[in-house]
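Chain by chain, the residues run as shown.
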Amino acid sequence: IEVPDRVIIPYIEGDGIGPEITPAMILVVNKAIEKVYKGSKLIYWVELLAGDKAEAKTGKRMPEETLEFLKEAIVGIKGPLGTPVGKGGKSLNAILRQSMDFYSAIRPVYWLGQPAPIPNPERVNVAVFRENSDDVYMGIEYMPKAEDTKKVREFFVKEMGVDEFALPEDCGITVKPMSEFKTKRHVRKALRWALENGKKVVAVVGKGNIMKATEGAFMNWAFEVAKEEEFKDRVITEGEPKEGQVLLTKVITDQMLMQLVLKPEAYDVIITQNLNGDYISDLAAALVGGPGFVPSGNIGDGYALFESTHGTAYDIAGKGIANPLSLTLSGAMMLEYLGWKEAAQLIYSAIKRAIEDRVGTPDIANGFKKMGIEAKSLSTMDFAQEIVLRM
Ligand code: NAD
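For the chain, an unreviewed UniProt entry supplies the name isocitrate dehydrogenase (NADP(+)) and the organism Thermocrinis minervae. For the record of the chain, the UniProt heading Subunit (unreviewed entry) holds the text "Homodimer."

Some details on the overall build of the chain
What the chain contains, in helices and strands, is 13 helices and 15 strands. Relative to its length of 391 residues, the chain is compact, with a C-alpha radius of gyration of 22 Å against a globular reference of 21 Å. Expressed along its principal axes, the backbone C-alpha trace of the chain runs to roughly 70 × 55 × 50 Å. Here the contacts in the chain between residues at least 6 apart in sequence split such that 74% fall between residues at least 24 apart.

Things to note about the nonpolar core
Ranked by internal contacts, the top residues of the largest apolar core, which has 95 residues, are Ala222, Val269, Ile270, Ile271 and Ile347. In terms of residue count, helix α10 (residues 325-338) provides more of this core than any other element does, nine residues in total. Residues in contact with isoleucine 271, not counting those within four places in the same chain, are Phe129, Val187, Ala190, Val202, Val204 and Ala222.

Some thoughts on the sheet that holds strand β1 (residues 6-12)
Through backbone hydrogen bonds, the strands of a sheet pair up, either in parallel or in antiparallel fashion. Across the sheet, which stays open at both edges, the eleven strands sit in the order β2-β1-β3-β13-β12-β4-β5-β11-β8-β10-β9 with mixed pairing between neighbours. Only two strands of the sheet have a single partner each, and these edge strands are β2 (42-47) and β9 (235-236). Pairing analysis gives five bridges linking strand β12 (residues 295-299) to strand β13 (residues 304-308), with the strands arranged antiparallel. Bridge assignment links glycine 297 to a residue of β13, and that residue is phenylalanine 306. Its contacts with the sheet put helix α8 (residues 253-262) on β8 (201-206), β10 (246-252) and β11 (269-272), and the angle it makes with β10 is roughly 110 degrees.

Observations regarding the packing of helix α1 (residues 18-37) against helix α13 (residues 380-389)
At a closest axis distance of 9 Å, the pairing of α1 and α13 adopts a crossing angle of 10 degrees. Taken together, the axis directions place α1 and α13 in an arrangement best described as roughly parallel. Contacts between α1 and α13 involve Glu20, Ile21, Pro23, Ala24, Leu27, Val28 and Lys31 on the former and, on the latter, Thr380, Met381, Ala384, Ile387 and Val388. Class assignment for the residues of the contact of α1 with α13 results in nine nonpolar, one polar and two charged.

Here we look at the confidence of the model for the chain
Averaged over the chain, the pLDDT score is 95; the fraction of residues at 70 or greater is 99%. With a pTM of 0.94, the predicted complex shows an ipTM of 0.98.

Quick look at the environment of asparagine 274
Relative to the elements of secondary structure, asparagine 274 occurs in helix α9 (residues 274-287). Expressed as a C-alpha distance, the spacing of asparagine 274 and arginine 358, which sit 84 residues apart in the sequence, is 36 Å. Apart from the residues lying within four places of it in its own chain, the contact partners of asparagine 274 are Arg130, Glu131, Asn132, Asp134, Asp135 and Tyr137.

Examining the site of the ligand
Surrounding the ligand, one finds 17 residues, the nearest of these being Pro80, His310, Gly311, Ala313 and Asn323. Considered class by class, the residues forming the shell around the ligand number six nonpolar, eight polar and three charged.

Regarding unusual backbone geometry
Its identity is not glycine, yet alanine 313 carries a phi of approximately 45 degrees, on the positive side. The phi angle at arginine 358 is positive, at roughly 60 degrees, despite the residue not being glycine. With respect to the helices, strands and loops of the structure, arginine 358 is situated in the loop between α11 (341-356) and β14 (359-360). The partly exposed category is assigned to arginine 358, around which 16 C-beta atoms lie within 10 Å.

With respect to the pairing of β13
Of all five residues in β13, five are buried, a share of seventy percent or more. On β13, burial covers both faces: Ala304, Phe306 and Ser308 on one face and Leu305 and Glu307 on the other are all buried. Taking the residues between adjacent antiparallel strands as the criterion, β12 and β13 are bridged by four residues, where glycine 302 takes a positive phi near 90 degrees.

Some remarks on the UniProt feature "binding site: D-threo-isocitrate" (unreviewed entry) in the chain
Mapped onto the present numbering, the UniProt feature "binding site: D-threo-isocitrate" (unreviewed entry) falls at Ser91, Asn93, Arg97, Arg107 and Arg130. You can see serine 91 is positioned in the loop between β3 (75-78) and α4 (92-100). On the basis of neighbour counts, which here come to 14 C-beta atoms within 10 Å, the residue serine 91 falls in the partly exposed class. Mapped onto the elements of the fold, arginine 130 is located in strand β5 (residues 125-131).

What counts, and where the lines are drawn
Residues numbered from 1 in each chain as written. Predicted model: local features only at pLDDT ≥ 70, side-chain atom pairs only at ≥ 80, totals over all residues. UniProt positions renumbered as here; feature names shortened; annotations may be inferred. Helix = DSSP H or I, 4+ residues; strand = E, 2+ residues; numbered from the N terminus. Rg over C-alpha atoms; globule rule 2.2 N^0.38 Å. Contact = placed C-beta atoms within 7 Å. Core = buried A, V, L, I, M, F, W, Y, C linked by C-beta atoms within 7 Å. Buried ≥ 20, exposed ≤ 12 C-beta atoms within 10 Å, placed from the backbone. Pairing = 2+ DSSP bridges. Axes fitted to C-alpha atoms, helices over the stretch in contact; angles between N-to-C directions. Parallel < 35°, antiparallel > 145°, perpendicular 65-115°, else oblique. Nonpolar A, V, L, I, M, F, W, Y, C, P; charged D, E, K, R; others polar. pLDDT = per-residue confidence, 0-100. Near = placed C-beta within 6 Å.

This is the structure in structure tokens:
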């Protein structure tokens, strides 16, 4: 994509702590651009309504205008959106991901010096690529004992010869679709990213030995992509990768979960399905202190939406103490996507220095205090200012 020097970037503030962390992210991103490009590059921020704010102003939680504006933009960024319990309706995040066909979710997980639960957390530097448009998230479900479940079950037992023990009368059924087209476009995105970022070991993860038609097929399709013209010389499937090459390997999900905890340094990129991606990206985030320290991006063809990985944190909303790092790091990732890598690097290094100097929001400061290390506890906006000071 051609990126102009002046870009219109839409943002959705988000619910709960959204109005607190979003201004902090905008401050840090603007300052980094100003410092690096000295006025030659600029972002025009445009607020789009969604969630509680949209409902109060328009009566709708996801107005059409928001989706239309996002479709015209190259990138966007959003805070967390709440899903009201018991009101029915799809989650706003699911609406966004599906209507925009953001088919790959990327979550790079690395350690910036914050309190973390494992020894030597600097070993963690892994990007999880989660397929976003397939799998059990499609919501094709048949509830136990419902009329349509009986019909589906009867079809499998009578027409397809499936054992009654496998599908007893009182069972529920969830359908897990996985397609070649959706898998391959996702795998291509992940391999391109791995090559562009000089990564070495890429694991395709799934439980292919049990779910042969879905996760097994996904793993095989990934290896077919490796043989395509674009990748065949650069993606190897055995031996040592040379400069400009990556090694593609297969790892079973349970094995990967164990490896991540015991030997996180073994993998640079993980390519996986929607449900496995959910588990794996949260486990990986936990290794470096939790989702509050990890950015994420939803990528489609030619556009992307970056977002914080945590939820709305209603319990601390309005107190000015929310940790802005997940959204701010997502902002930096957005700059990298635009090709503004120097500004992104400035944000990463300034955050690292702030954490090294033991300043942060109460969750960070308390984490250090629990380890017996003195730390200064700051409000969301003061922490953002401290990051800017270190640029
Ligand atoms: P949550 O992430 O909002 O909160 C879990 C815990 O982590 C809380 O104690 C909270 O205070 C803390 N926490 C979260 N983010 C923090 C931050 N930046 N700084 C300091 N502490 C933080 O998870 P939840 O309570 O399960 O979800 C609340 C709502 O958020 C739900 O409606 C859920 O659907 C929504 N949600 C949205 C997204 C999204 O928009 N991508 C993601 C997850 C959850």
